[in-house]
Structures are given as C-alpha cells and as structure tokens.
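Topology and contacts: notes
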Protein chains: 2
Amino acid sequence: MSNPTAAILIIGDEILTGRTREGNAWVLAGMLAEAGIELRQIRVIGDDHGTIVDAVAELAARHDHLFTSGGIGPTHDDITADAVAEAFGRTISVREDARALLAAYYAGRGQELTEARLRMARIPAGATLIDNPVSVAPGFTVQNCHVMAGVPAVFKAMAEAIVPTLKGGAPLRSRSLQMMRPESQIAEPLRALALAHPGVGFGSYPFETEGRYGTNLVVRSTDAGALDAAFAALKAAFPEGK
Amino acid sequence: MSNPTAAILIIGDEILTGRTREGNAWVLAGMLAEAGIELRQIRVIGDDHGTIVDAVAELAARHDHLFTSGGIGPTHDDITADAVAEAFGRTISVREDARALLAAYYAGRGQELTEARLRMARIPAGATLIDNPVSVAPGFTVQNCHVMAGVPAVFKAMAEAIVPTLKGGAPLRSRSLQMMRPESQIAEPLRALALAHPGVGFGSYPFETEGRYGTNLVVRSTDAGALDAAFAALKAAFPEGK
C-alpha cells in the first residue's frame, strides 16, 4: 500500500525575480510527511495565466493532490482562481457564502466591500471553501486541487485546515546521525547499508563548521520497523555518530 | 529583444520531505535578474534517476539555460551526473582533469583518493568543468545545462563562477514603495497604473505588522526609462508610500 502523492505549485513573480525567499513549500512539506502524503514535486511559476492553467492541469492529473500558494488576493496580479477554474473547465463567479464572509468582516471594521475586495469571493463552480482564520478571504478546493494564499501566516493556517481532512497513509518518519567525518569517508559503508535496507531511504548531507567537515546521515521510511532496523545498523556502522 | 530564459532544478529528497528549507534557488534568482536572464521556473524533485532524466530533458529543451543543484557528491544518493548524461545522450566516465583536481586536493590533506571520492570526477562526455573554490570537486556544463552542488556555499561559489560567463540581456530592475494600507484599498488605482504601463510588472505584496495591514508595491522592468516613469506614476498615486 503506497501513500497518496502530492505536488505543490507556488505562484508569484516575487519568487522568480529573487525578491522573496519562498518558505511555504517547506512548511507544507513537513505537514505532508507527517500526514503520510508523499510529496513528489514543488514547482514555482510566475503570474502568467497560460502558465498557471497548464501547470495546474498537468500537476493535478499526475498526483493525488495539488496544493497551490499565491495569487488569490484583491489586486490585478491575483489571477490564480480564474486560471484554476479554466484548468478544470469550470465557470467562476462571486459566490454568496464567500461574499457573506467578506461582507461581515469588512462591516466589522467599518469598511466597504469594494469591487477589489469582492474579487476574493470569486470561486470556481462546485468548489468547497477552505477556512481562513487569519484574514477571512477563503481558499478553495476544486477536485484534487487545494488553492491557498501566499501570505505565509494565511498559507499555514489554510494548510492546517485542509491537510488533516485528507486521507493520508503511514507517516514518513526519519532519524538522523551526525558525525564529524566528511561524506567521502563514509560513502562506501553507507552504500552497503542502503543496499541492505531496501525499504528505507538513506540520505547523506555534508556540512562544514569552523573549517571542519561533517555529515548528517538520515534514514527515512513509512515502515516503523524497517526504520528502527536501519537506524540500529547505521549506529553500529558509525558508533561515533550522535 | 527579449532576455534569455532559464529554469532551476533542485534535486534532493531532503527538500521534499521537509527536512531542509531550500535556499539555493533564491540566491541564483537574484543573480539571474541582475544578469538579465529571465527565470521562468523553479522545480524541486527527489533523488530518482528517471525523474531527474525527464526533468532535465524537458527543462533544458524549453529554456535557454537550465541550472541544477544537488546530487553530485560522493555518496550512493548522488545520481545527478549520470542522469544528466543520460538526458543528453552522453556517456559518462572519470575524467582526467577532474581526477587530477581531486587527487591534488586529497594529497594535500594527506588523504586517499578513494573510489567514493573518485565518483566526483565522473563527468559526461564533452562537458566543461565549473570551478569549485570551496571544496574542489567540480560542477560541469553540458550543452545549456549547468550542474552544481547542493551545499549552499559551494552552490553559490559555482553560480558566481558560471553566471558572469553567460550572455545575458538587460538587467531586471525593481523599485518598491511601502505603505500602511491594506492591499484591497489600493487595488483599483494599482490596476489602472498597471494597464497604463504595459512594459512594467506591477506586484502587490501584503504584510501584517503589530496587527496593522500594509502593502509593498513593486515595479519591475528591464527597460530603465519605463521603470522610472512607472515608479514616478506610482509615487504620484500613493504619496504616502515610502
């Protein structure tokens, strides 16, 4: 029984131009590992309608779940909702429940529900809303595509709302061992261990600190017994590891 | 005259499993903007041979340049060089100049050039080497694909070696204006400005600080005159911006 698969699509010129260091994918990657949903790809694209339509259609077709980040605010560069609607062949219009959420929110702040703000109530036909406890304007799910905001606090809140509702598998667990030896010294015994434990992923990540080279060895598996056996073998092979 | 295009391919299970927050793409994105090379896509995939081959072939065909990060070290999970060779239909073997670099480096440290370390001298036929001033093991360029290490300090050094050698275009410049008004209040005038300045990208990025909402407005263009005109119009429309 393999776990369901997922992709993340990050939408925004601010990432591709180097203005913003992306972090939402990292936050969601951790949640998906815990939920037993296998993340296969992260993709970052710009604010271009055709590019978004094509990427959504491709990634939604190839994975059990697609999560998007960015482009659902009130400004002219927020074009994700329309592109997602097109990718799934749905119409899109202002939806009454989303409009009511926004109307109540702005009324409570003594502000008008302007035309720009109303854009955030445009939802593809047949979608379900994703709650936004931070700033009200909702995300939505169309088929297997979960559309979320790019603002980190809102993205995280929406991901925390949607991920627990999805059918996951066995959580991906990992254990790691750090040692002050360069990767190239441990490569050969590590290869033998990886071959001996086929259900477990073995990763090797070099680092440097104060001019000395070290390595973090990581074992990962959705099978807890296999993970324990692999980690025990790793510790036996590298007794200096911590 | 449009600028050359590029994609970045990040290779590593440690990103997809949420262990590591990716940062190399952000570093390179800034360099590419400055060099006048238009970054169209960033993609993150796992340590899987077939997935790497397919992604390299697709992204190299669709862009003027492809930059990869990760998977060129000495351990069993370092499979990028072989996959890149396959994507371009090249053979791969230990190359004498790369072997000589490694031999000198390890001899200088009183260490052996083991079989694992020799893996880092495996280079696809016809490639040119990319200098690694940090830890010697080189990157390489095959056709339009620039293969670099994943360790951040090494990645950055390799990118600094290769990007200035590429033929770029006009640098992408940006200017920004910050104001303590929510995005939804400035959306309508901003849309009008964006329509009036078609050669300039207008981005709107909301933030929240101490319970108050603000917006960063960013204009971007490779045309310096158009950028100045757009920024002047932006300042006139939002005199409170800083």
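Residues numbered from 1 in each chain as written. Chains lettered and ligands numbered in written order. Predicted model: local features only at pLDDT ≥ 70, side-chain atom pairs only at ≥ 80, totals over all residues. Heavy atoms only, no water.

**Side note on the packing of aromatic side chains**
All names here are of chain B. Overall, the coordinates contain two aromatic pairs over all chains when judged by the stated rule. Between Tyr105 and Tyr106 the ring centres are 5.1 Å apart and the planes differ by 75 degrees, which places this aromatic pair in the edge-to-face class. Grouping residues by exposure puts Tyr105 and Tyr106 together as buried. (Phe/Tyr/Trp six-rings, centres within 6.5 Å; stacked < 30°, edge-to-face > 60°. Buried < 20%, exposed > 50% of the residue type's maximum accessible area, 1.4 Å probe, protein only.)

**What to know about the sheet that holds strand β9 (residues 173-179) of chain A**
Residues and elements named next belong to chain A. Judged by pairing direction, the sheet is antiparallel, and its three strands sit side by side in the order β9-β11-β10 without closing on themselves. Every interior strand has two partners, whereas the edge strands, β9 and β10 (201-209), have only one. The average undirected angle you get between the axes of adjacent strands in this sheet is 20 degrees. Taken strand by strand, helix α8 (residues 183-196) contacts β9, β10 and β11 (212-221), and its axis lies near 170 degrees from that of β10. (Pairing = 2+ DSSP bridges. Helix = DSSP H or I, 4+ residues; strand = E, 2+ residues; numbered from the N terminus. Axes fitted to C-alpha atoms, helices over the stretch in contact; angles between N-to-C directions. Contact = heavy atoms within 4.5 Å.)

**Quick look at unusual backbone geometry**
Its identity is not glycine, yet Glu210(A) carries a phi of approximately 50 degrees, on the positive side. Within the element layout of this structure, Glu210(A) appears in the loop between β10 and β11. Judged by its relative accessible area of 80%, Glu210(A) falls in the exposed class. For Val136(B), which is not a glycine, the phi torsion comes out positive at approximately 70 degrees.

**Remarks on the nonpolar core**
Grouped together as the largest cluster of nonpolar side chains are 115 residues, with contacts concentrated most on Leu28(A) and Leu28(B). Those residues in contact with Leu28(A) that sit more than four places away from it in its chain are Ile8(A), Phe67(A), Met148(A), Phe155(A), Ala159(A) and Val163(A). (Core = buried A, V, L, I, M, F, W, Y, C linked by side-chain atoms within 4.5 Å.)

**Regarding the relation of the copies chain B and chain A**
Once turned by 180 degrees and shifted 0.0 Å along the axis, chain B lies on chain A with an RMSD of 0.0 Å. As the rotation angle and translation indicate, the two copies are arranged about a two-fold axis. The rotation axis passes nearest to the C-alpha of Arg43(B) in chain B, at a distance of 2.2 Å. When the interface residues of chain B are mapped onto chain A, 100% of them are again interface residues, pointing to one common binding face. (Least-squares fit on C-alpha atoms with pLDDT ≥ 70 in both.)

**Some words on the sheet that holds strand β9 (residues 173-179) of chain B**
All names here are of chain B. Taken in spatial order, the three strands of this open sheet run β9-β11-β10, and their pairing is antiparallel. The sheet is open, and its two edges are formed by β9 and β10 (201-209), each paired on a single side. Each neighbouring strand pair of the sheet contributes to a mean axis angle of 20 degrees, computed without reference to strand direction. Two elements, β10 and strand β11 (residues 212-221), share nine bridges in a ladder whose sense is antiparallel. Bridge assignment links Gly203 to a residue of β11, and that residue is Val218. Together, β9, β10 and β11 form the strand contacts of helix α8 (residues 183-196), whose direction differs from that of β10 by roughly 170 degrees. Strand contacts of helix α9 (residues 224-237): β9, β10 and β11, with the helix running at about 5 degrees to β9, the strand carrying the most contacts.

**A word on the interface of chain B and chain A**
Between chain B and chain A, the contact holds 61 residues from the first and 61 residues from the second. Where chain B abuts chain A, roughly 4700 Å² becomes buried across the two surfaces, and 53% of that area is made up of carbon and sulfur atoms. Inspection of the chain B/chain A interface yields zero salt bridges. One can count 21 residue pairs in polar contact (both at pLDDT 80 or more) joining chain B with chain A. Breaking the side of chain B that touches chain A down by element, the ones donating at least two residues are α1 (13-16), α2 (24-35), β2 (38-45), α5 (96-108), α6 (115-118), α8, β10 and β11 of chain B. Sorting elements by how many residues they give to the side of chain B that touches chain A places α8(B) first, with nine residues. Partitioning the side of chain B that touches chain A into residue classes produces 26 nonpolar, 18 polar and 17 charged. Examined bridge by bridge, strand β2 (residues 38-45) of chain A and β2(B) share three bridges and lie antiparallel to one another. Looking at the pairing, Arg43(A) lines up with Arg43(B) of β2(B). (Buried area = accessible area lost by both parts, 1.4 Å probe. Salt bridge = Lys/Arg side-chain N within 4 Å of Asp/Glu carboxyl O. Polar contact = N/O pair within 3.5 Å; in protein donor to acceptor, adjacent residues only side chain to side chain. Nonpolar A, V, L, I, M, F, W, Y, C, P; charged D, E, K, R; others polar.)

**Let's talk about the domain arrangement of chain A**
Domains assigned within chain A are domain 1 (5-165) and domain 2 (173-237). For domain 1 of chain A versus domain 2 of chain A, the separation of C-alpha centres amounts to 37 Å. (Domains from an automatic or database assignment.)

**Structural notes on the side chain of Ser69(B)**
All names here are of chain B. Along the polypeptide, Ser69 turns up in strand β3 (residues 65-69). Among the polar contacts listed, one links the side chain of Ser69 to the side chain of Asn24, at a separation of 3.1 Å. With residues up to four places along the chain from it excluded, the contact list for Ser69 reads Leu9, Ile10, Ile11, Asn24, Met148, Ala149, Gly150 and Phe155.

**Some points on empty space enclosed by the protein**
Inspection of every chain in the model, using the stated rule, returns three cavities of 30 Å³ or more. Volume-wise, the largest cavity comes out at about 200 Å³. Looking at the largest cavity, it is lined by 18 residues, and the ones nearest its centre are Glu22(A), Ala25(A), Val44(A), Glu22(B) and Val44(B). Among the elements that take part in the lining of the largest cavity, helix α2 (residues 24-35) of chain A stands out by supplying three residues, more than any other. The residue makeup of the lining of the largest cavity, split by class, is eleven nonpolar, three polar and four charged. (1 Å grid on protein atoms, 1.4 Å probe; cavity = no way out; pocket = protein on both sides within 12 Å on 5 of 7 lines; lining within 4 Å. Points joined across faces, edges and corners; volume = space filled by probe spheres on them.)

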